[in-house]
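Per-entry structural report
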Amino acid sequence: MTLGPDEMVRSNLPVIDLEPWFRGDRGRTARALRSACLKTGFFYVSNHRLPDGLLDRIRAASRSFFSLPLEEKLRVHFEKARKQRGYIPLRGESSDPKGKGDEKEALDFTFPVPPEGVSDPVAYRMYGPNLWPEGLTGFRETVESYFEEMIRIAGTLFEILAASLELPHDFFRPKIDRPIAQLRLLHYPPQSEPLDEAFLGIGEHCDYECFTILDPGDVTGLQLRDQRGEWMEVEPLPRAFVVNLGEMLARWTNDVYRATVHRVVNRTGRERYAIPFFFGTNYDTLIDCLPTCSGPERPSRYPPILAGEYLAKRLNEVYGSLPES
């Protein structure tokens, strides 16, 4: 069912307050996370302890880049970095394979340190040196500081995840010390009516990794599909991130936790800026059914697969295969 802009249901997502976790009341936070993951796989995260001013600086950095002339942005085109890093112009990718192109432009950054002992050239589409635009004062320092904070928050979420699944609190720690991680700066121009379903801001999809930690900005447009098949608008909550689960985590939990289909449609008449951070595991982590997520009545649904192999397969569907080195 497709809803018009005046018919859109407003989402009522749970808010996971991290302050009790930081204070030591870990059971409360783990229970809240489990409830959210079982129901929708989408929730807000508040009191994440992001340093004062950093969110404002990364938002300003994003706007400064996208305001550059196109020829300046093309100097850091993603093809110069062999995928997953650099600038992607409008309609340069299609998140929904049935679509013709996303109505957005992006600037991507990945975790720069390659995995130890992994020689597969495909791994280097997900790791390696980033491309940096010239002439933007403080841009690189801001992006790198924000990236580090996202790594910290993602690590905290994995500790809470472990507690919610009755696993040791450090269960995931050795699996995420060199993670497949990507930060995206996104710009969505306003979309006029009537809406062309082939050119949404981002076509309907599930994210591929474990967690997405999103700064949605202050303009609506993110929509998730609920269990009835209706699209729900996700309202920005001041100073809170929107977090959703990805396919890898759903697979790891044997579909106990959900990855929810979502999309972006910018009907606001305003420019929309958003900053998602996609966080997976180490490239060579084996994604096999977690010990607390299967039993006689719920056998394992998926064969084991390396995280890097799974993500490469999914990325190839959007970006095409990466030529061998």
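So, here's what we can say about the structure. As the structure is a prediction and not an experimental result, all values here were calculated from the model. Each chain has its residues counted from 1, following the order in which its sequence is written. Residues qualify for local features only when their pLDDT is at least 70, as the model is predicted, and side-chain atom pairs are given and counted only at 80 or more; totals for whole chains, interfaces and linings, by contrast, use all residues. Computation of side-chain values: all heavy atoms of the structure, hydrogens and water removed.

**Observations concerning the overall build of the protein**
To qualify as a helix, a DSSP run of H or I must reach at least 4 residues; to qualify as a strand, a run of E must reach at least 2; elements of each kind are numbered from the N terminus. Looking only at helices and strands, one finds seven helices and 15 strands in the protein. Using C-alpha atoms as the atom set, the radius of gyration is obtained and then compared with a globule rule of 2.2 Å times the number of residues to the power 0.38. A compact globule built from 325 residues would reach a C-alpha radius of gyration of about 20 Å, and the protein, at 19 Å, matches this within 12%. Taking the principal axes of its C-alpha atoms as reference, the protein extends roughly 55 × 50 × 40 Å. Accessibility here uses a 1.4 Å probe with only protein chains present; expressed as a share of the type maximum, an area under 20% marks a residue as buried, one over 50% as exposed, and anything in between as partly exposed. Residues counted as buried form 58% of the 325 residues belonging to the protein.

**Some remarks on helix 3 (residues 54–66)**
Between the first and last residue of a helix there are one fewer steps than residues, each counted as 1.5 Å, and that sum is the expected span. Taking 1.5 Å per residue as the helical rise, helix 3 with its 13 residues ought to reach 18 Å, and the 19 Å between its terminal C-alpha atoms agrees with that figure. Restricting attention to buried positions, one finds in helix 3 the residues Leu54, Leu55, Ile58, Ala61, Ser62, Phe65 and Phe66. In an axial view of helix 3, the angular spread of the buried residues amounts to 125°, which keeps them on one side of the axis. This arc is taken over the directions from the axis of the helix to the C-beta atoms.

**Re the side chain of Arg251**
Within the fold, Arg251 resides in helix 6 (residues 247–252). No salt bridge is formed by the buried Arg251. Its closest oppositely charged neighbour is Glu247, at 7.6 Å. In contact with Arg251, other than residues within four places in its own chain, are Ile287, Tyr302, Pro303, Ile305 and Tyr310. Counted as positive: Lys and Arg. Counted as negative: Asp and Glu, with His and the chain ends omitted from the count. The term salt bridge refers to a pairing of a side-chain nitrogen on Lys or Arg with a carboxyl oxygen on Asp or Glu at a separation within 4 Å. Whether two residues are in contact is decided by their heavy atoms, any of which lying within 4.5 Å being enough.

**A look at unusual backbone geometry**
Unusually for a residue other than glycine, Asn47 sits at a positive phi of about 50°. With respect to the secondary-structure elements, Asn47 resides in the loop between strand 3 (42–46) and helix 3. Judged by its relative accessible area of 39%, Asn47 is partly exposed. Unusually for a residue other than glycine, Asn254 sits at a positive phi of about 60°. Note that Asn254 resides in the loop between helix 6 and strand 12 (262–264). Overall, the relative accessible area of 0% leaves Asn254 in the buried class.

**Regarding the nonpolar core**
The tendency in soluble globular proteins is for nonpolar side chains to be buried as a group. Judged by nonpolar contacts, the single largest core of 75 residues is most densely connected at Phe139 and Tyr146. Per-element tally for this core: the top contributor is helix 5 (residues 139–164), with twelve residues. Each residue touching Phe139, except ones within four places of it in the same chain, is listed here: Ala61, Ser64, Phe65, Leu107, Phe109, Trp132, Pro133 and Leu185. Here, the term nonpolar core denotes a set of buried Ala, Val, Leu, Ile, Met, Phe, Trp, Tyr and Cys residues that are joined through side-chain atoms within 4.5 Å.

**Regarding the sheet that holds strand 6 (residues 179–188)**
Strands were regarded as paired on the criterion that DSSP finds at least two bridges between them. Read across the sheet, eight strands follow the order 2-3-11-8-13-6-5-4 without closing on themselves; strand pairing throughout is mixed. The open sheet has two free edges, formed respectively by strand 2 (15–17) and strand 4 (86–88), since each of these has just one partner strand. Averaged over all neighbouring strand pairs, the angle between strand axes comes to 25°, with direction disregarded. Bridging between strand 8 (residues 211–215) and strand 11 (residues 241–245) involves four bridges; their strand directions are antiparallel. In the strand pairing of strand 11, Ile213 is matched with Val243. Note on geometry: axes are lines fitted to C-alpha atoms, helical ones only across the stretch in contact, with angles between N-to-C directions running from 0 to 180 degrees. Contacts between helix 2 (residues 26–39) and the sheet are confined to strand 2, strand 3 and strand 11, with strand 2 contributing the most and set at about 160° to the helix. Strands in contact with helix 3 are strand 4, strand 5 (105–110), strand 6, strand 8, strand 11 and strand 13 (272–282); relative to strand 6, the strand with the most contacts, it is inclined by about 60°.

**Describing helix 2**
End to end, helix 2 covers 20 Å across 14 residues, agreeing with the expected 20 Å (1.5 Å per residue, within 8%). Taken together, the buried positions of helix 2 are occupied by Thr29, Ala30, Leu33, Ala36 and Cys37. When helix 2 is viewed along its axis, its buried side chains cluster within an angular range of 130° and face the same direction. Seen from the buried face of helix 2, the exposed residues on the opposite side, beyond 90 degrees, are Arg31 and Lys39. Turning to helix 2, the residues buried within the fold contact strand 2, helix 1 (19–23), strand 3, helix 5 and strand 11. At the exit of helix 2 stands Gly41, carrying a positive phi of roughly 70°.

**Re the packing of aromatic side chains**
Here the aromatic set is Phe, Tyr and Trp, taking the six-membered ring for Trp, and pairing holds for ring centres within 6.5 Å; pairs whose planes are under 30 degrees apart are stacked, those over 60 apart are edge-to-face, and all others are tilted. Using the criterion set out here, one finds 14 aromatic pairs in the structure. When the ring of Phe65 is compared with that of Phe139, the centres are 6.4 Å apart and the planes differ by 40°; the resulting orientation is tilted. Of this pair, Phe65 sits in helix 3 while Phe139 is found in helix 5, placing the two residues 74 residues apart along the sequence. Exposure class is identical for Phe65 and Phe139. Each is buried. Each ring, one from Phe158 and one from Phe211, has its centre 5.2 Å from the other, and the planes form 80°; the classification is edge-to-face.

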